[in-house]
Amino acid sequence: QVQLVESGGGLVQAGGSLRLSCAASGRTFSNYVMGWFRQAPGKEREFVAAISWSGGSTYYADSVKGRFTISRDNAKSTVYLQMNSLKPEDTAVYYCAARNRWDLLVRNRGSYDYWGQGTQVTVSS
């Protein structure tokens, strides 16, 4: 089992920045590909970003490319999501998730094995 705990959410004005963290425990963190997803009210959970085991490869949704950066610190068993130039449409609950493989399914929420409880991000206009 892998336990994931997100933090860093909050209320920010449009154009501002936030950094989310996701701390993992339970198993060897570097064995897992990590992803960030988000879910806005009334909408399905959608892919945001993913990062490979060592951090050498990343993948982003088009909607956040150039504004968000995913990174990881395997020594701290933590994955981060730096969010810049935030927009009201970025408002959602943000979740981190873990899976074993780096492949074309990294943007598929059904392919992840472990999930955190989520952290709320609200961007005001």
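This structure is a prediction, so every number in the text was calculated from the model and none was measured. (Residues numbered from 1 in each chain as written. Predicted model: local features only at pLDDT ≥ 70, side-chain atom pairs only at ≥ 80, totals over all residues. Heavy atoms only, no water.)

## Quick look at the sheet that holds strand 8 (residues 78–83)
And then number 1: Strand order in the open sheet formed by four strands is 1-3-8-7, and the pairing between neighbours is antiparallel. Only two strands of the sheet have a single neighbouring strand rather than two, namely strand 1 (3–7) and strand 7 (68–73). With strand direction ignored, the average angle separating the axes of adjacent strands in the sheet is 15°.
And then number 2: One ladder, built from five bridges, connects strand 1 with strand 3 (residues 18–25); its direction is antiparallel. Bridge pairing in strand 3 links Ser7 to Ser21. (Pairing = 2+ DSSP bridges. Helix = DSSP H or I, 4+ residues; strand = E, 2+ residues; numbered from the N terminus. Axes fitted to C-alpha atoms, helices over the stretch in contact; angles between N-to-C directions.)

## With respect to the state of the cysteines
By definition, a disulfide links the sulfur atoms of two cysteine residues through a covalent bond.
And then number 1: Using the criterion set out here, one finds one disulfide in the structure.
And then number 2: Here Cys22 pairs with Cys96 through a disulfide, and the sulfurs are 1.9 Å apart. Taking the sign of the S-S torsion, 50° for the link of Cys22 and Cys96, the bridge is right-handed. Pair noted here: Cys22 is in strand 3 and Cys96 is in strand 9 (residues 92–99), with a separation of 74 residues, a long-range link. An identical accessibility class is assigned to Cys22 and Cys96; each is buried. (Disulfide = S-S within 2.5 Å. Buried < 20%, exposed > 50% of the residue type's maximum accessible area, 1.4 Å probe, protein only.)

## Quick look at the side chain of Asp90
And then number 1: Its location among the elements puts Asp90 in the loop between strand 8 and strand 9.
And then number 2: Apart from residues no more than four positions distant in its own chain, Asp90 is found in contact with Arg38, Arg67, Phe68, Ser85, Val121 and Val123. (Contact = heavy atoms within 4.5 Å.)

## Concerning the packing of aromatic side chains
And then number 1: Scanning the entire structure with this criterion turns up seven aromatic pairs.
And then number 2: For the ring pair Phe37 and Tyr112, a centre distance of 5.0 Å and an interplane angle of 80° mean the geometry is edge-to-face. Here Phe37 is found in strand 4 (residues 33–39), whereas its partner Tyr112 is found in the loop between strand 9 and strand 10 (114–115), with 75 residues between them in sequence. Each member of the pair, Phe37 together with Tyr112, is buried.
And then number 3: Members of the aromatic cluster, connected to one another through ring pairs, are Phe37, Phe47, Tyr59, Tyr95, Tyr112 and Trp115. (Phe/Tyr/Trp six-rings, centres within 6.5 Å; stacked < 30°, edge-to-face > 60°.)

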